[in-house]
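Spelled out from the first residue to the last, the chains are:
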2 protein chains.
Amino acid sequence: MDLKRVAKDTAKTLISYLTYQALRVVLDQLRETDPPRAFWLNSFSSRHSIQDGDAYLEELLRVKQDLAFRIMTVRQHLAEEVTDFLPEMVCTGIQQSNMEHRRRHLERITQLTIPEPPTPPEQQTDTEA
Amino acid sequence: MDLKRVAKDTAKTLISYLTYQALRVVLDQLRETDPPRAFWLNSFSSRHSIQDGDAYLEELLRVKQDLAFRIMTVRQHLAEEVTDFLPEMVCTGIQQSNMEHRRRHLERITQLTIPEPPTPPEQQTDTEA
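Residues numbered from 1 in each chain as written. Chains lettered and ligands numbered in written order. Predicted model: local features only at pLDDT ≥ 70, side-chain atom pairs only at ≥ 80, totals over all residues. Heavy atoms only, no water.

A. Geometry of the overall build of chain A. For chain A, the helix and strand inventory stands at six helices and zero strands. Each helix (α) and strand (β) of chain A, taken in turn from the N terminus, gives the series α-α-α-α-α-α. For chain A, the residues scored as buried account for 37% of the 129 residues in total. Residue pairs at least 24 apart in sequence account for 51% of intrachain contacts in chain A once pairs closer than 6 positions are excluded. As displayed, chain A offers around 8,100 Å² of accessible surface, 54% of which is attributable to carbon and sulfur atoms. (Helix = DSSP H or I, 4+ residues; strand = E, 2+ residues; numbered from the N terminus. Buried < 20%, exposed > 50% of the residue type's maximum accessible area, 1.4 Å probe, protein only. Contact = heavy atoms within 4.5 Å. Areas by Shrake-Rupley, 256 points an atom, 1.4 Å probe, with all protein chains shown as cover.)

Here you go:
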């Protein structure tokens, strides 16, 4: 189990995800203050995938540098405000979700197994007809 | 800027991502110890998307509970070992990446614009031949 690689990959994924969240914040702000620019940014983002946040910013910098700088500033702010809470939220979230999966699974396997009918009634009627 | 919503969404995305990383760990282990099961799990995972980690686990629990439990244990372990490092890694990563974008952009706008040649030499030779 290569924990160092997992940590590195996870941080990279998280950076891209926060870039996407920053784009959403900027889009929401522009919809209030400057709808034509919101429309432009939305249409740019439908043509350029934000799956890779840095490639997206690189493209945006070439055509609308101020919007790219704004998303960069917002993602840094989001990272500073949000990441400190993540370790606790993720660990608790996984514990709860695992417990819930185990509970549901236990319920499922301990209840009386009623075998399903071999063929649904409509099909039986069809074959008999 | 709804920081609470961003934190919640990010934690959820991170849980799904760690479920995917846990699947990769289990697949690697099985490839060493039990190739037929690795093959089975790989083919199951190509049919059931792990984009939503909990929906994936729910499906896997119905058909191979031991593998599902194993992935659940590994993702909890990964969360405990890895998440503490993420805030620092992500904040530093975003700072560095923003700085790099700004540097490259500054270079681009201050340098003399040299137009690229219209066609690369190999293609020219091809058309001439």
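On we go.
B. Layout of the interface of chain A and chain B. Listed per partner, the contact involves 54 residues of chain A and 53 residues of chain B. Between chain A and chain B the total buried area reaches about 5,100 Å² when both faces are included, carbon and sulfur atoms providing 67% of it. Applying the counting rule to chain A against chain B returns four salt bridges. Two residues, Arg-108 of chain B and Glu-58 of chain A, come together in a salt bridge whose shortest N-O distance is 2.8 Å. Those elements that place two or more of their residues in the side of chain A that touches chain B are helix H1 (3-33), helix H3 (53-63), helix H4 (65-82) and helix H5 (86-110) of chain A. With 17 residues, the single largest contributor to the side of chain A that touches chain B is H1 of chain A. Here the side of chain A that touches chain B is composed, by residue class, of 25 nonpolar, 15 polar and 14 charged. (Buried area = accessible area lost by both parts, 1.4 Å probe. Salt bridge = Lys/Arg side-chain N within 4 Å of Asp/Glu carboxyl O. Nonpolar A, V, L, I, M, F, W, Y, C, P; charged D, E, K, R; others polar.)

C. Seen up close, the packing of H5 of chain A against helix H3 (residues 53-63) of chain B. At a minimum axis separation of 11 Å, H5 of chain A and H3 of chain B run at an interaxial angle of 30°. As judged from the angle between their axes, H5 of chain A and H3 of chain B are roughly parallel. Between H5 of chain A and H3 of chain B lies a crossing of right-handed hand. Between H5 of chain A and H3 of chain B, the residues in contact are Ser-97, His-101, Arg-104, His-105 and Arg-108 of chain A and Asp-54, Leu-57, Glu-58, Leu-61 and Arg-62 of chain B, respectively. Class assignment of the residues belonging to the contact of H5 of chain A with H3 of chain B gives a composition of two nonpolar, three polar and five charged. (Axes fitted to C-alpha atoms, helices over the stretch in contact; angles between N-to-C directions. Parallel < 35°, antiparallel > 145°, perpendicular 65-115°, else oblique. Left-handed = near helix turned anticlockwise from the far one by under 90°.)

D. Here's a closer look at the relation of the copies chain A and chain B. Between the two copies, chain A and chain B, the superposition gives an RMSD of 0.1 Å; the rotation angle is 180° and the shift along the axis is 0.0 Å. Put plainly, the chains are arranged around a two-fold axis. For chain A, the minimum C-alpha distance to the rotation axis belongs to Leu-14 of chain A and amounts to 3.7 Å. Comparing interface residues between copies, 98% of those in chain A also sit at the interface in chain B, which points to an isologous, same-surface contact. (Least-squares fit on C-alpha atoms with pLDDT ≥ 70 in both.)

E. Quick look at the nonpolar core. Ranked by size, the top nonpolar core spans 64 residues in total, and within it Leu-41 and Tyr-56 of chain A together with Leu-41 and Tyr-56 of chain B carry the most contacts. Apart from the residues within four sequence positions on either side, Tyr-56 of chain A is in contact with Leu-23, Leu-41, Phe-44, Ser-45, His-48, Ser-49, Ile-50 and Ile-71 of chain A. (Core = buried A, V, L, I, M, F, W, Y, C linked by side-chain atoms within 4.5 Å.)

F. Structural detail: the pattern of salt bridges. Summed over all chains, the structure comprises 20 salt bridges over all chains. The closest approach of N and O atoms between Glu-58 of chain A and Arg-104 of chain B, which form a salt bridge, is 2.8 Å. Within this pair, whereas Glu-58 of chain A is found in helix H3, its partner Arg-104 of chain B is found in helix H5 (residues 86-110), the two belonging to separate chains. Taking relative accessible area as the criterion, Glu-58 of chain A reaches 13% and is therefore assigned buried. Note that Asp-66 of chain B and Arg-37 of chain B form a salt bridge whose closest N and O atoms lie 2.4 Å from each other.

G. Region of the structure containing the environment of Glu-58 of chain A. The spatial distance from the C-alpha of Glu-58 of chain A to the C-alpha of Ile-94 of chain A is 34 Å, given a sequence separation of 36 residues. Engagement of the side chain of Glu-58 of chain A in a polar contact is seen with the side chain of His-101 of chain B, the distance being 3.1 Å. (Polar contact = N/O pair within 3.5 Å; in protein donor to acceptor, adjacent residues only side chain to side chain.)

H. Here's a closer look at H3 of chain A. Along H3 of chain A, the residues that are buried comprise Gly-53, Tyr-56, Leu-57, Glu-58, Leu-60 and Leu-61 of chain A. Along its buried surface, H3 of chain A packs onto H1, helix H2 (35-47) and H4 of chain A together with H5 of chain B. Its side-chain oxygen 3.1 Å from the backbone nitrogen of Asp-54 of chain A, Asp-52 of chain A forms the N-cap of H3 of chain A.

I. The side chain of Asn-98 of chain B, seen in detail. Structurally, Asn-98 of chain B is set in helix H5. Relative accessible area serves as the criterion here: at 0%, Asn-98 of chain B is assigned to the buried category. Separated by 2.7 Å, the side chains of Asn-98 of chain B and Arg-75 of chain A make a polar contact.

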